[in-house]
Amino acid sequence: MVGKLVATELKEIQKETFYRECFHKDENCSGRTIKAHSIQKNRILKKLSSNGLVLGFDYYSYMAAGFNPFDPILKEIGVKKASTFTGFCSYHDRAIFGPIENLDYEVGNKAQEFLFAYRAFAKEYHAKMSVQRFLNKLIGKIERDGFKILYLNQSKNIPFGYSEWKKASLSFWRRALKGTKDTLKKLEREKIAFNINLDKGRYYKIESDVIVFPKEHYIAVSSIFFLERDLNGKVVNDLRYVSNYGKPIFLNIFPQNGKTYAILSYYKKHKEAFSFLETQVIKKDENIQKTIISNFIILHPLENFYVSPQKWNSIPDKKKQLFYKKWSDSLLSFNSQISTKEHFNFFHFL
């Protein structure tokens, strides 16, 4: 009963704090935002789906179920909901993304590659804005009434009393809020630059390295991650310091016409920093490439990640548990080293 009440409380906070604003807000906006797909629904998500469902991560549900987002599992999500966010009005969703919604992707098409990166960034920005609002509301509830029902839901696993729990919780969530705010300061500047480059057609501001696998794999990703080290151990992003927004990679993966595309995009200004991708990833053989891409996903937990339920269920339980363990461990770790060991290659099953 307590668990259900916690779930209801958290769901209400989520609904109240979910960010709703067009990422490209201007005089052409058509009004209220819509639930825009960050991964194409009809040609990608439906291809992955079984009975209208895909498998993905839903962190709010984990928090509602046990308030432990560091121990997630893939859950069934309807294709109408999967990858959606209220980050664009209907006009801008149609006007901006037509080239990647209505047309097949062509390797080397700078406009399409820019739009894939742009949408991944918009989804990340929206998520961070929602998290900031959620944390503000949650902290307020804990401060005012201690959100005691949350404590009761966790009390079996807590070795100290309510007042100590309240103090520790506030300390934890305030640190999380500060980190989110610091990140958003950087994202605001990048948002302005992204929209200016879009409006002026400066698609060359995004560079992309593309891997094409010769079969369709039932996986879709549209997200951002920060690679800590290259495959030789050289530091790319020092994530020990929140103030360092760093150099992101915009990762998009999707099946199309008998092949699977993995697009690794980054800002042109960071081209030199990512020059290693050519020799360490692009020129490797297919199995090593798949292992490296699997590592990118597992060791940099990407929320906007979906797989086929049917394909996932065919993976041996031991492999699934390894995936979950590495995913969970990486949520709280830095400087994860990319592995080229074959057992990290889950493209083999998908």
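Residues numbered from 1 in each chain as written. Predicted model: local features only at pLDDT ≥ 70, side-chain atom pairs only at ≥ 80, totals over all residues. Heavy atoms only, no water.

Caption draft 1: Structural detail: the packing of helix H4 (residues 90-101) against helix H5 (residues 110-145). Running from N to C, H4 and H5 cross one another at 120°; their axes reach a closest spacing of 9 Å. Considering their axes alone, H4 and H5 lie oblique with respect to each other. Between H4 and H5 lies a crossing whose hand is left-handed. Contacts between H4 and H5 involve Ile96, Phe97, Pro99, Ile100 and Glu101 from the former and Gln112, Leu115, Phe116, Tyr118 and Arg119 from the latter. Each residue belonging to the contact of H4 with H5 can be placed in one class, and the counts come to seven nonpolar, one polar and two charged. (Axes fitted to C-alpha atoms, helices over the stretch in contact; angles between N-to-C directions. Helix = DSSP H or I, 4+ residues; strand = E, 2+ residues; numbered from the N terminus. Parallel < 35°, antiparallel > 145°, perpendicular 65-115°, else oblique. Left-handed = near helix turned anticlockwise from the far one by under 90°. Contact = heavy atoms within 4.5 Å. Nonpolar A, V, L, I, M, F, W, Y, C, P; charged D, E, K, R; others polar.)

Caption draft 2: Expanded view of the packing of aromatic side chains. Scanning all chains against the criterion turns up 32 aromatic pairs. Geometry around Tyr267 places Lys269 over its ring, the cationic atom sitting 5.1 Å from the centre. Here Lys290 stacks its cationic end above the ring of Phe213, 5.3 Å away from the centre of that ring. (Phe/Tyr/Trp six-rings, centres within 6.5 Å; stacked < 30°, edge-to-face > 60°. Lys NZ or Arg CZ within 6 Å of the ring centre and 35° of its normal.)

Caption draft 3: Region of interest: the pattern of salt bridges. Tallying each qualifying case throughout the model produces 15 salt bridges. Glu207 is the partner of Lys268 in a salt bridge, and the nearest nitrogen-oxygen pair spans 3.4 Å. Placement of Lys268 in the loop between strand S8 (259-267) and helix H8 (276-282) and of Glu207 in strand S5 (residues 206-213) is noted, with a sequence separation of 61 residues between them. With a shortest N-O distance of 2.6 Å, Glu286 and Lys290 are connected by a salt bridge. Placement of the pair is Glu286 and Lys290 together in helix H9 (residues 286-299), with a separation of four residues, close to one helical turn. Ionic contacts of the salt-bridge type, sharing partners, join the residues Glu207, Lys268 and Lys271 into one network. (Salt bridge = Lys/Arg side-chain N within 4 Å of Asp/Glu carboxyl O.)

Caption draft 4: Broad picture of the sheet that holds strand S3 (residues 75-78). Across the sheet, seven strands lie side by side as S3-S2-S9-S6-S7-S8-S5; this open sheet has antiparallel pairing. The outermost strands of the open sheet, each flanked by one partner alone, are S3 and S5. In this sheet, adjacent strand axes meet at a mean angle of 25° when their direction is disregarded. Relative to S3, strand S2 (residues 53-56) runs antiparallel, the two sharing four bridges. The residue of S3 that forms the bridge with Val54 is Ile77. The sheet contacts of H9 involve S5, strand S6 (219-225), strand S7 (249-256), S8 and strand S9 (305-307), and relative to S5 the element is tilted by about 125°. (Pairing = 2+ DSSP bridges.)

Caption draft 5: Structural context of the side chain of Asp230. Tracing the chain through its elements places Asp230 in the loop between S6 and S7. Among buried charged residues, Asp230 stands out as having no salt bridge; its nearest opposite-charge side chain is Lys234, 6.0 Å away. A distance of 2.8 Å separates a polar side-chain atom of Asp230 from the backbone nitrogen of Asn232. A polar contact of 2.9 Å, which involves the side chain of Asp230, links it to the backbone nitrogen of Gly233. (Buried < 20%, exposed > 50% of the residue type's maximum accessible area, 1.4 Å probe, protein only. Lys, Arg positive; Asp, Glu negative; His and termini not counted. Polar contact = N/O pair within 3.5 Å; in protein donor to acceptor, adjacent residues only side chain to side chain.)

Caption draft 6: Spotlight on a positive patch on the surface. Taken together, Arg20, Arg32, Lys35 and Arg133 make up a surface patch of like positive charges. By the element assignment, Arg20 lies in the loop between helix H1 (2-17) and strand S1 (33-37). For Arg20, a relative accessible area of 48% corresponds to the partly exposed category. (Patch = residues over 30% accessible without salt bridge, like charges linked within 9 Å, V, L, I, M, F, W, Y side chains within 5 Å. Areas by Shrake-Rupley, 256 points an atom, 1.4 Å probe, with all protein chains shown as cover. Charge placed at Lys NZ, Arg CZ, Asp CG, Glu CD.)

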